[in-house]
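Structure assessment
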Amino acid sequence: MGIKETFCRRIHGELQSFKEELLKESREAIYDSSYKIEVFVNLHGILADFSGEMTGEAMENMMQEDSGILETLYQEWLKHEDGFYGELKESAGNVLADKETWKRIKTGKRDLENGKKCDTAA
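In short, a report on the structure.

1. Some thoughts on the overall build of the chain
- Summing up its helical and strand segments, the chain has seven helices and two strands in all.
- Counting from the amino terminus, the chain carries its helices and strands in the arrangement α-α-α-α-α-α-α-β-β.
- By residue count, 20% of the 122 residues in the chain fall in the buried class.
- Of the contacts made within the chain by residues no fewer than 6 positions apart, 57% connect residues no fewer than 24 positions apart.
- A total accessible area of about 9,400 Å² is found for the chain, and carbon and sulfur atoms account for 53% of it.

2. Topic: the nonpolar core
- Core analysis: the biggest nonpolar cluster contains 15 residues, and F7, F40, L47, I69 and L70 have the highest contact counts within it.
- Listed by contribution, the elements that provide at least two residues to this core are α1 (3-22), α3 (34-50), α4 (56-63) and α5 (69-78).
- Here this core takes five residues from α1, the largest share from any one element.
- Dropping the residues within four chain positions of it, L70 is found in contact with I11, E14, L15, F40, L43, H44 and L47.

3. As for the pattern of salt bridges
- What the rule picks out here adds up to five salt bridges.
- Here R10 makes a salt bridge to E14, at a shortest N to O gap of 2.7 Å. With R10 and E14 both in helix α1 and four residues apart, this pair spans about one turn of that helix.
- Ionic pairing is found between E21 and K24, a salt bridge with its closest N-O pair at 3.1 Å.
- Here K24 falls in the exposed class, since its relative accessible area comes to 62%.

Parameters at a glance
- Residues numbered from 1 in each chain as written.
- Predicted model: local features only at pLDDT ≥ 70, side-chain atom pairs only at ≥ 80, totals over all residues.
- Heavy atoms only, no water.
- Helix = DSSP H or I, 4+ residues; strand = E, 2+ residues; numbered from the N terminus.
- Buried < 20%, exposed > 50% of the residue type's maximum accessible area, 1.4 Å probe, protein only.
- Contact = heavy atoms within 4.5 Å.
- Areas by Shrake-Rupley, 256 points an atom, 1.4 Å probe, with all protein chains shown as cover.
- Core = buried A, V, L, I, M, F, W, Y, C linked by side-chain atoms within 4.5 Å.
- Salt bridge = Lys/Arg side-chain N within 4 Å of Asp/Glu carboxyl O.

Structure, rendered in structure tokens:
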């Protein structure tokens, strides 16, 4: 088995173990973990995509992590400001600040790329 296959099995196993452990928890605990679930699933996909471009040395270094590759990357991600939240906050602020945008949303009309409007109720 090559390093890439070993790496892919490792991250897949980490994700599966995470899911199995989470399913033993209460509904509330699962709900409280929804952000972590989303990040783990996305990290798994990102690593799987990058595995074709990563060096064997990089994969070996990551696999030496005792706390798990996904957990380590998750903890590192938590140190950064979440861009999604910032973008969502900015978008909501823009909509709330513009009465015309708010009216279009409330009436079901949206701007199209060419500037025309459509009725989404149709």
